[in-house]
Amino acid sequence: MSTKVTEAGQAGTVPRPRTQDTGSATSLVTDRGTTSIDDGVVAKIAGLAAREVSGVYAMGGGAARAFGSMRGMVGGEPSISQGVSVEVGERQAAVDLDVVAEYGTVIPELAAAVRKNVIGAVERMCGLEVTEVNIRVGDVHLPGQDRDRQPEGPGMGAEQEPRVR
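The rules behind the values
Residues numbered from 1 in each chain as written. Predicted model: local features only at pLDDT ≥ 70, side-chain atom pairs only at ≥ 80, totals over all residues. Heavy atoms only, no water. Helix = DSSP H or I, 4+ residues; strand = E, 2+ residues; numbered from the N terminus. Buried < 20%, exposed > 50% of the residue type's maximum accessible area, 1.4 Å probe, protein only. Areas by Shrake-Rupley, 256 points an atom, 1.4 Å probe, with all protein chains shown as cover. Expected span 1.5 Å × (residues − 1). Contact = heavy atoms within 4.5 Å. Core = buried A, V, L, I, M, F, W, Y, C linked by side-chain atoms within 4.5 Å. Patch = residues over 30% accessible without salt bridge, like charges linked within 9 Å, V, L, I, M, F, W, Y side chains within 5 Å. Salt bridge = Lys/Arg side-chain N within 4 Å of Asp/Glu carboxyl O. Lys, Arg positive; Asp, Glu negative; His and termini not counted. Charge placed at Lys NZ, Arg CZ, Asp CG, Glu CD.

Caption draft 1: Spotlight on the overall build of the protein. Counting its regular elements, the protein contains 3 helices and 8 strands. Walking the protein from its N terminus toward its C terminus, one meets helices and strands in the order β-β-β-β-α-β-α-β-β-α-β. Considering the protein as a whole, with its 165 residues, one finds that 27% of them fall into the buried category. For the protein, the computed accessible surface area is about 11200 Å², with 50% contributed by carbon and sulfur atoms.

Okay, structure coming up:
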C-alpha cells in the first residue's frame, strides 16, 4: 500500500497497481506460489457489486431473467452471476454486464456508478486489475410492472385482438 494525499489534504491509503510483481503477501504471483481465481468467483463478486447500485433493477437479458424466474418457481436459488460474463487472466479481469435499469434512472450515470462499484469490489477482493467493464442496458423496468409477470399469449391468459387484419 502507498500513501496518497487527497484534495482535502488528508492522507489515505491506495493499493499499488496490480500489475507490479512485488512478491508481497497480497500479490497473486509470488516466489512461494501462485493464486488463481476462477471466472465464477469474479462473476459473483461483479454481480453482487452491480446489484448494490441504486437504479439497477435486475441483471441478465430477457431469456436469462425468464429462466431465472422459472428456477425460482421450482425452489431453485437465483443466480448471482446472471447477466455477468468475465474473462480472467493471471493479473487482470474484464467484465461484461447485462443490466435492467429502473425507469427514470439516468443511464450514463448508472453505468458510471456500476462500473466504479464493480472495479472497486473486484480489485479489492481479488487483487486483479480490472481492464474494462462493459455495460449493456437491455431493458428498463417501468413503475408498477410486475417483475415475474409472464407474457400473455395464446393459451397463457387473456385473449388479445389481432393488431392487423
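That shown, we press on.
Caption draft 2: Just helix α3 (residues 107–126), in detail. In this model, α3 (20 residues) spans 28 Å end to end at C-alpha, consistent with the 28 Å of a helix rising 1.5 Å per residue. Of the surrounding secondary structure, the elements contacted by the buried residues of α3 are α1 (39–51), β5 (56–59), β7 (92–102) and β8 (129–141). Backbone geometry just after α3 places G127 at a positive phi near 75 degrees.

Caption draft 3: Structural detail: the nonpolar core. One finds V42, L97 and V118 to be the most contacted residues of the largest nonpolar core, which totals 28 residues. Elements with a minimum of two residues in this core: α1, β5, β6 (84–88), β7, α3 and β8. Setting aside residues up to four positions removed in sequence, L97 forms contacts with A50, M59, G83, V84, V114, V118, V133, N134, I135 and R136.

Caption draft 4: Inspection of a negative patch on the surface at higher detail. Together, D38, D39, E87, D96 and E132 give the surface a local cluster of negative charge. As for its position among the elements, E87 is in strand β6. Judged by relative accessible area, E87 falls into the exposed class, the value being 62%.

That is the geometry; function is a separate question.
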